[in-house]
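Breakdown of the fold
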Amino acid sequence: MNAFIEGDYQTVKRLAATNLSDNFCKSLGYLGGALKLTPNTDTILAESARAAAEFDKERTLKKLGNAIAQALN
């Protein structure tokens, strides 16, 4: 995500809002809001971590499914 690297957090949030099933976008969208310490920072970081974990889970399940399919052929 170039927008995140470039510090364009508004674009990142827009991408997260328009790609609702993309947990990677969701994770980055939360992170942009955690740059300033507020009473919500802990929640923002936790939600970002959950979205990142969900992204990794989906990626791992896809790899495992592919490996099982290949083994069964």
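Refer to the structure above for everything that follows.
These numbers come from a predicted model, not from an experiment.

1. Some thoughts on the overall build of the protein chain
- Counting its regular elements, the protein chain contains four helices and zero strands.
- Mapped in sequence order, the helices and strands of the protein chain form the string α-α-α-α.
- Its C-alpha atoms give the protein chain a radius of gyration of 15 Å, clearly above 11 Å, the size a compact globule of 73 residues would have.
- Taken across its 73 residues, the protein chain has 19% of its residues classed as buried.
- In the protein chain, 9 side chains carry a positive charge and 8 a negative one; their mean positions are 2 Å apart.

2. Here's the deal with the packing of helix α2 (residues 9–18) against helix α3 (residues 23–32)
- Contact geometry for α2 and α3: axes closest at 8 Å, N-to-C directions at 145°. Between α2 and α3 lies a crossing of left-handed hand. For the pair α2 and α3, contact is made by Y9, V12, K13, L15 and A16 and by C25, K26, L28, G29 and G32, respectively.

3. So, the environment of L64
- Within the secondary structure, L64 sits in helix α4 (residues 41–72).
- Sequence spacing of L64 and D8 is 56 residues, and the spatial spacing of their C-alpha atoms is 35 Å.

Quick notes on the rules
- Residues numbered from 1 in each chain as written.
- Predicted model: local features only at pLDDT ≥ 70, side-chain atom pairs only at ≥ 80, totals over all residues.
- Heavy atoms only, no water.
- Helix = DSSP H or I, 4+ residues; strand = E, 2+ residues; numbered from the N terminus.
- Rg over C-alpha atoms; globule rule 2.2 N^0.38 Å.
- Buried < 20%, exposed > 50% of the residue type's maximum accessible area, 1.4 Å probe, protein only.
- Lys, Arg positive; Asp, Glu negative; His and termini not counted.
- Charge placed at Lys NZ, Arg CZ, Asp CG, Glu CD.
- Axes fitted to C-alpha atoms, helices over the stretch in contact; angles between N-to-C directions.
- Left-handed = near helix turned anticlockwise from the far one by under 90°.
- Contact = heavy atoms within 4.5 Å.

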